[in-house]
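# Observations on the three-dimensional arrangement
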Amino acid sequence: MSLVSNAAVYELYRDEWGIPHVQAPDALQLSYAQGRTTAVDRAWQLEVERHRAQGTSASILGPDSVTWDRFARQSRLDDTARRCWEALESDDPETAAWVRAYVDGVNDGLAEGARRDDRVTHAPAPWDPWVPLAVWIATHILFAGFATKLWRERVARALGDDAVTLFATDGPGTAGSNGWLVPGERTTTGAAIIAGDPHRFIEDPGVYQQIRLACPEYDVLGLAVPGIPGLAHFGHTGTAAWAITNAMADYQDLYVEQLRGQGAATEALGPDGAWEPVHHHTETITVAGAAPVEVEVLETPRGPVITQEAADGTARTLSLRYPPRVRRDLGFASLPALLRARTVADIDAALDGWAEPVNVVHAADTEGGLLHRVAGAVPLRHPANRLHPVPAWDPQYAWQGWAETPAEPVQGFAVMANARGIASPLGVEFAPPHRANRIRELLSGSADWSPKAMADVHRDTYLASAGPLLALLPAPEGLTPAGRALRARLLAWDRHMDADSADATVFSAFRTATVRRFAADPVFAELVGAPAGPEVFHPWLYLVPRIGYALEGLLTTSLLPELDRAAHVRAALEATAAAQTPDTPWSEVHRLTPWQAVPDPDATWPGLGGDHDCVNATSSVPGFTDLTARASAARYVWDLARREDSLWAVPLGADGVTGTPHHRDQLPLWARCELVPVVTDWSRLTKESA
């Protein structure tokens, strides 16, 4: 039943970038207005996200989406959202009403939005009230990288248990971020500045939406996730602001299940030695342009069964245990509480109830309050659970409650870049320290930081992870003339992956050759070849990308003494020299390749500076491609002195409709790491009819 749509009153304004600023008489009508505005601006994006969350995307996108839909069905994403919604309605009807108001707005705006976008060739189906929860779960189900446990298991089988974390990239996973908090004593205004950028796979339309939400109770601007009410990750209320990065915590487990029976009579061996009933049913995936696909859905008391396929010749069944399904809670009560926050204490209290995903948080307020903490639900269990799949029938691997989330005082300045630090007790693999160290180095260079100066940090391209590879360059004696010339060039390079740097291109070619030489070494023979199991996990299981991201560690580890690193580096150097890599600027080969549900054949995408270990983290896949699909999904600078001096940018623009003026108008600025001003003066905005 619609709560506000028939009587909703709101006003919609836009700035010169088309960014929506929404006013409404109360919080419920404002939530409705946010939903409706999002639907009008991004109907196609919302339609795709709903289908992905429900495991029905193949019905509009075709056979390529069956892999995801099968995983979504088997892991029971939509059912988990329904359960979380039922708990929210029961335990927190006020938040449930706020979410429902957003859904009412979405439903009232979808038809208008669909008319704006010729990609929506069918009438979008209305949203159920739990769809925002389903979209949130689908967006983050692979965030903690539980598929890495399959890789570690494969490594241990091939190279021994001591090597289980040999490929710990301490490197890019599905998502990461930069974030930094500069206290007032180090700024030009005497008030804190929070800045950073979330790193995600770049999509068209973008995964973050710039928006302002104002009612008599609050006036907040920030970056919303389309399909989700409020501002979960990045926001500024005028007197307080917050931002997050991925904590790299491990909070999802894989259990090896022992099953017997078939169909409704299927049972699983439980931790007390008894056989337990297993939920069983089948579902049908409708596929545009192809035959439907039947999917068997099983769930043990541990969780949904996500694979029953052979792994390295051994058939086994794996179930996935993840907190939202266990707790029936996503922490959505935090969302309206964040909008009402006036101080750091308010933000801290709001985040005490946060659940999914697990984040590191920075916050500051105009009274000088500062916050650096972890928020989210991490289960307490045996350390082995974090490394690899564990037997479901062994009671020592059961969950035993929930971990305390750490907090630390802010001294000097606080930096979060997915590296080991405040969240170390909660995870296994973290990003290397390079981005965090570089941000600290840059921030240490001044005590007079302004919001505009933060762009210099965002765009930094120094690649510290090049050091270990360059340190293994052979002596010039015995090299070919071309090899000696390339060696000298690499050693003279400033190690910046600048967009116009030809040296960066040459280094990447040398790095690629090294990665491929390593991957061909007999020591890794058992890790070569196509991965087993569902295709949705394959990005975590291919050898070449794994070596590419873990190259720094593989160059310096004491494990694998039989790996002749020096010989491989020498051969890679000579091969790169012989190939005569042209003096091509890095941006010519390091180009953006965003994901599009329906590719636009006329789209042109910019070349970029940066690389995966730079602060400007435009991730290539070393050894595989110089193209980048993962980069800053937004950039922000929150000024606590004057909110109107804050800055932001997204990779594309505010409008999700291809060809409209604000679809990609921020792209050139974003590619150069430039930011657009936040507008807070309503008189400078253009009013639209709502």
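What you see as residue numbers is a count from 1 along each chain, following the sequence as written. Thresholds applied to this predicted model are a pLDDT of at least 70 for local features of residues and 80 or more for the giving and counting of side-chain atom pairs; totals over whole chains, interfaces and linings are not thresholded and use all residues. Think of the side-chain values as coming from all heavy atoms in the structure, minus any hydrogens and water.

### Topic: the sheet that holds strand 19 (residues 317-321)
Working definition: the strands of a sheet are paired by backbone hydrogen bonds and lie parallel or antiparallel to each other. Think of it this way: DSSP has to see at least two bridges between two strands before they count as a pair. Starting at the N terminus, helices and strands are each numbered in turn, a helix being any DSSP run of H or I of at least four residues and a strand any DSSP run of E of at least two. An order of 16-19-10-22 is seen for the four strands of this open sheet, with the pairing classed as mixed. Each of the sheet's edge strands pairs with one partner strand only, and the pair in question is strand 16 (305-307) and strand 22 (390-391). The pairing of strand 16 with strand 19 spans two bridges and is antiparallel. Bridge assignment links valine 305 to a residue of strand 19, and that residue is serine 319.

### Some thoughts on the packing of helix 14 (residues 481-492) against helix 15 (residues 502-519)
In this description, a line fitted to the C-alpha atoms serves as the axis of each element, helices being fitted only across the stretch in contact, and the angle between N-to-C directions of two axes falls anywhere from 0 to 180 degrees. At a closest axis distance of 10 Å, the pairing of helix 14 and helix 15 adopts a crossing angle of 120°. One element, helix 14, and the other, helix 15, form an angle in the oblique class. As helix 14 runs across helix 15, the sense of the crossing is left-handed. Across the interface between the two elements, Leu486, Arg489 and Leu490 from helix 14 touch Ala502, Asp503, Val506, Phe507 and Phe510 from helix 15. Under this scheme an angle from 65 to 115 degrees is roughly perpendicular, one under 35 degrees roughly parallel, and one over 145 degrees roughly antiparallel; angles in between are oblique. Here a crossing is called left-handed whenever its near helix is offset anticlockwise from the far helix by less than a right angle, and right-handed whenever the offset is clockwise. Note on definitions: a residue-residue contact is assigned when non-hydrogen atoms from the two residues lie within 4.5 Å.

### Re the pattern of salt bridges
Any Lys or Arg side-chain nitrogen located within 4 Å of an Asp or Glu carboxyl oxygen qualifies as a salt bridge. For the coordinates displayed, the defined rule picks out 41 salt bridges. In this structure, glutamate 217 engages arginine 340 in a salt bridge whose closest nitrogen and oxygen atoms are separated by 3.9 Å. One end of the pair, glutamate 217, is in the loop between strand 6 (209-215) and strand 7 (218-224); the other, arginine 340, is in the loop between helix 9 (334-339) and helix 10 (344-351), with 123 residues separating them in the sequence. Connected via shared salt-bridge partners are Arg76, Asp79, Arg83, Glu299 and Arg325.

### Looking at helix 1 (residues 27-54)
End to end, helix 1 covers just 28 Å across 28 residues, shorter than the expected 40 Å (1.5 Å per residue, more than 12% under). Any pair of nitrogen or oxygen atoms within 3.5 Å is treated as a polar contact; in protein, a donor-acceptor pairing is required on top of that, and neighbouring residues in sequence qualify only through side-chain atoms on both sides. With a side-chain oxygen positioned 3.1 Å from the backbone nitrogen of leucine 28, the residue opening helix 1 is aspartate 26. At the exit of helix 1 stands glycine 55, carrying a positive phi of roughly 70°. Multiplying 1.5 Å by the helix residue count minus one yields the expected span of that helix.

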